[in-house]
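# Examining the three-dimensional arrangement
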Amino acid sequence: MKRKILVVDDSSLARRLSRKFLEEMGYEVEEAPGGAEALEQYALGQHDLVILDMLMTGMYGLEVLHKLKELNPSLPVIIATADIQRSTRDQVKAGGAAAMVNKPLNKDELAEILELVWTGGTLWN
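Residues numbered from 1 in each chain as written. Predicted model: local features only at pLDDT ≥ 70, side-chain atom pairs only at ≥ 80, totals over all residues. Heavy atoms only, no water.

## Description of the environment of Phe21
Here is the rule: Under the scheme used here, helices are H or I runs from DSSP no shorter than 4 residues and strands are E runs no shorter than 2 residues, and both carry numbers assigned from the N terminus. The rule is simple: take the accessible area with a 1.4 Å probe, protein chains only, and divide by the maximum for that residue type; under 20% is buried, over 50% is exposed, in between is partly exposed. Contact between two residues is taken to exist if any of their heavy atoms lie within 4.5 Å; hydrogens are not considered.
Assignment of secondary structure puts Phe21 in helix 1 (residues 12-24). Overall, Phe21 belongs to the buried group, its relative accessible area being 12%. For the pair Phe21 and Lys103, spaced 82 residues apart in the sequence, the C-alpha separation amounts to 13 Å. Setting aside anything within four residues of it in sequence, one finds Phe21 in contact with Leu105, Asn106, Lys107 and Leu110.

## Some thoughts on the sheet that holds strand 5 (residues 99-102)
Sheet strands line up and pair through hydrogen bonds in the backbone, either parallel or antiparallel. So the rule is basically this: Strands were regarded as paired on the criterion that DSSP finds at least two bridges between them. With axes taken as lines fitted to C-alpha atoms, and helix axes fitted only over the stretch in contact, angles between N-to-C directions fall between 0 and 180 degrees.
Here we have five strands laid out as an open sheet, ordered 2-1-3-4-5, and parallel in their pairing. Two strands close off the open sheet at either side, each with one partner strand: strand 2 (28-32) and strand 5. Direction aside, neighbouring strands of the sheet carry axes that sit 20° apart on average. Pairing of strand 4 (residues 77-81) with strand 5, which is carried by four bridges, proceeds in the parallel orientation. For Ile79, the partnering residue across the bridge sits in strand 5 and is Met100. Where helix 1 meets the sheet, its contacts fall on strand 1 (4-8), strand 2 and strand 3 (49-53), and the angle it forms with strand 2 comes to roughly 170°. Each of strand 1, strand 2 and strand 3 touches helix 2 (residues 35-45); the most contacted strand, strand 1, lies at about 170° to it.

## Digging into the packing of aromatic side chains
Rule in force here: Within 6.5 Å between ring centres, the rings of Phe, Tyr and Trp (the latter by its six-membered ring) count as paired, and their orientation is classed by plane angle as stacked under 30 degrees, edge-to-face over 60, tilted in between. Geometrically, a lysine NZ or arginine CZ counts as sitting over a ring once it is within 6 Å of the ring centre and also within 35 degrees of the ring normal.
Applying the stated rule across the entire model yields one aromatic pair. Ring centres of Tyr27 and Trp118 lie 5.9 Å apart, and the angle between their planes is 35°; on these two criteria the pair is classed as tilted. Pair noted here: Tyr27 is in the loop between helix 1 and strand 2 and Trp118 is in helix 5 (residues 107-118), with a separation of 91 residues, a long-range link. Comparing Tyr27 with Trp118 shows no difference in burial state: the two are buried. For Arg3, the ring lying beneath its charged end belongs to Trp118, and the centroid distance is 4.0 Å.

## Here's the deal with unusual backbone geometry
The omega torsion across Lys103 and Pro104 is 0°, close enough to zero to call that bond cis. One non-glycine residue, Gln46, lies in the positive phi region at around 45°. Following the sequence through the fold, Gln46 ends up in the loop between helix 2 and strand 3.

So, to be careful, I would describe these as geometric facts and stop short of saying anything about function.
Spelled out as structure tokens, the structure:
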């Protein structure tokens, strides 16, 4: 059975690019344009992993991360952001995300991080 990934980003271009990369890697992909939709879709779909944008209209990525972790503490979440500040990295790590990737996404980097996460690792090990 294919692993199912939920891509959450308010940019339709970013979602399409993520979907393209992930489907090429053999994953089943669903998309959500914002935090509220992501939480609803996750509750209905039980995804294996979530790739979450940090800066979105409506609900900030960290807030979504905390709510996802309340629903499923073991859910792997990868934060995708153009914000590379150390404080952001620290907040993402403290929030329980498995990794943080820079936007725009790079397919090879994403594949490496997914492999790490599937084996139970995090970017912080």
